[in-house]
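A structural walkthrough
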Amino acid sequence: MRERFVLVTGCSGGGKSTLIEELARRGHRTVEEPGRRIVREELAGEGGALPWIDLAAFARRAIRMAVADWRSARVGAGGDGWTFFDRGVIDAASAFEVATGRAVLAPLARRYRYGPLVFLAPPWPEIHAGDDERRHGFAAAVEEYERLADILPALGYETRLLPKVPVAERASFMLAALECG
C-alpha cells in the first residue's frame, strides 16, 4: 500500500498545505502536516516543543506523529486511491538530525517508505508568508528545501518539482504525473 503514499515536501511556505487541501477537496485521502498540528497544540498549552524554542523536542514529536500518520494511513487505506502526505517521516527525521546531530534519518526512511515519486515545492518568495505557526524567514525555508532536495534522491526517491502555478493546476500536474508513472 505504501506505493500509493505520496509525499509532498520541500520549501516551507511553498504552497504544500494549500495543495493538500485541494487534493482533499477532490476526494483524495490526505494527511495534514505534523509540524502545523504540533505548533497548534503547543501554542494552546505549555509551548515547550516549538521549533523556535526547542527544535529537537519539536522534531522528536514530529517523528512520532509522522510515524503514527504513516501507520494509520497504511491500516486505513483501502482501494486503489492515493494518500497524500503534507510532509512526513523524512522531514521530521531530517529536522531532528539538524537539531541534534544524531543519525536517525536513514533507518526511519527505510522502515517508513512512501511511493517512489516525491513532489517538491520549490522556494516561491511571492507566496511565502510567516504566521503564528511559521515564524522562520524565507532564507531558512530555502535551506530546508535544499537539504530535502539533496536527501530524497540519496534515499532512493525520484523527485518532481511542483510548478509555480495556481493550486488547481498544481493538483492536476501531480495527479497526471502519478497516473503516467
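For every chain, the first residue of the written sequence is number 1, and numbering continues from 1 onward in sequence order. Since the coordinates come from a predicted model, pLDDT governs what is reported: local features require at least 70, and pairs of side-chain atoms require 80 or more to be given and counted, while whole-chain, interface and lining totals use all residues. Working from all heavy atoms in the structure, the side-chain values ignore hydrogens and water.

**Thoughts on the confidence of the model for the protein**
A score from 0 to 100, pLDDT tells how confident the predictor is in each residue. With 91% of its residues at a pLDDT of 70 or more, the protein shows a mean pLDDT of 90. When mean pLDDT is taken per element in the protein, strand β5 (residues 158–161) scores highest with 97 and helix α2 (residues 34–44) scores lowest with 89. Comment: elements are numbered from the N terminus, with helices defined as DSSP H or I runs of at least four residues and strands as E runs of at least two.

**With respect to the nonpolar core**
To define a nonpolar core, start from buried Ala, Val, Leu, Ile, Met, Phe, Trp, Tyr and Cys residues and group those joined through side-chain atoms within 4.5 Å. Whether a residue is buried, partly exposed or exposed follows from its accessible area with a 1.4 Å probe, protein chains only, as a fraction of its type maximum: under 20%, in between, or over 50%, in that order. By size, the foremost hydrophobic cluster in this structure holds 38 residues, and its most contacted members are Ile63, Ile90 and Tyr114. At the level of elements, β1 (5–10), α2, α3 (55–76), α4 (89–100), α5 (105–111), β4 (117–121) and α6 (138–154) are the ones that each hand at least two residues to this core. With nine residues, the single largest contributor to this core is α3. Two residues form a contact once any of their heavy atoms are found within 4.5 Å. Once residues lying within four places of it in the same chain are set aside, the contact partners of Ile63 are Ala92, Ala93, Phe96, Val104 and Leu108. Counting residues in each nonpolar core, the second largest holds 16 residues, with Phe84, Met174, Leu175 and Leu178 among its members.

**Things to note about the pattern of salt bridges**
Whenever a carboxyl oxygen of Asp or Glu lies within 4 Å of a side-chain nitrogen of Lys or Arg, that contact is scored as a salt bridge. Overall, the coordinates contain ten salt bridges when judged by the stated rule. Of the charged contacts in the structure, one is a salt bridge between Arg37 and Asp69, with a shortest N-O distance of 2.4 Å. Here Arg37, found in helix α2, pairs with Asp69, found in helix α3; they are 32 residues apart in sequence, far enough to count as distant. Classification of Arg37 as buried rests on a relative accessible area of 18%. Through salt bridges with shared partners, a single network forms among Glu33, Arg87, Asp91 and Glu144.

**Some details on a nonpolar patch on the surface**
Nonpolar side chains (Val, Leu, Ile, Met, Phe, Trp, Tyr) are joined into patches within 5 Å and like charges within 9 Å, using only residues with over 30% relative accessible area and no salt bridge. Note that accessible areas follow from Shrake-Rupley with a 1.4 Å probe, and for residues the cover is restricted to the protein chains shown. Taken together, the side chains of Leu43, Trp52 and Ile53 define a hydrophobic patch exposed on the protein surface, amounting to about 280 Å² of accessible area. Among the secondary structure elements, Trp52 is positioned in the loop between α2 and α3. On the basis of relative accessibility, which here comes to 32%, the residue Trp52 falls in the partly exposed class.

**A closer look at unusual backbone geometry**
One non-glycine residue, Arg87, lies in positive phi territory at about 70°. Note that Arg87 resides in the loop between β3 (83–86) and α4.

**A few points about the sheet that holds β1**
We treat two strands as partners when DSSP finds at least two bridges between them. The parallel open sheet is built from five strands, whose spatial order is β2-β3-β1-β4-β5. At either end of the open sheet lies a strand with only one pairing partner, and these are β2 (29–31) and β5. Adjacent strand axes in the sheet meet at a mean angle of 25°, parallel and antiparallel pairs treated alike. Sheet topology places β1 next to β4; three bridges connect them, and they run parallel. Its bridge partner being in β4, Thr9 is matched across the sheet by Leu120. Note on geometry: axes are lines fitted to C-alpha atoms, helical ones only across the stretch in contact, with angles between N-to-C directions running from 0 to 180 degrees.

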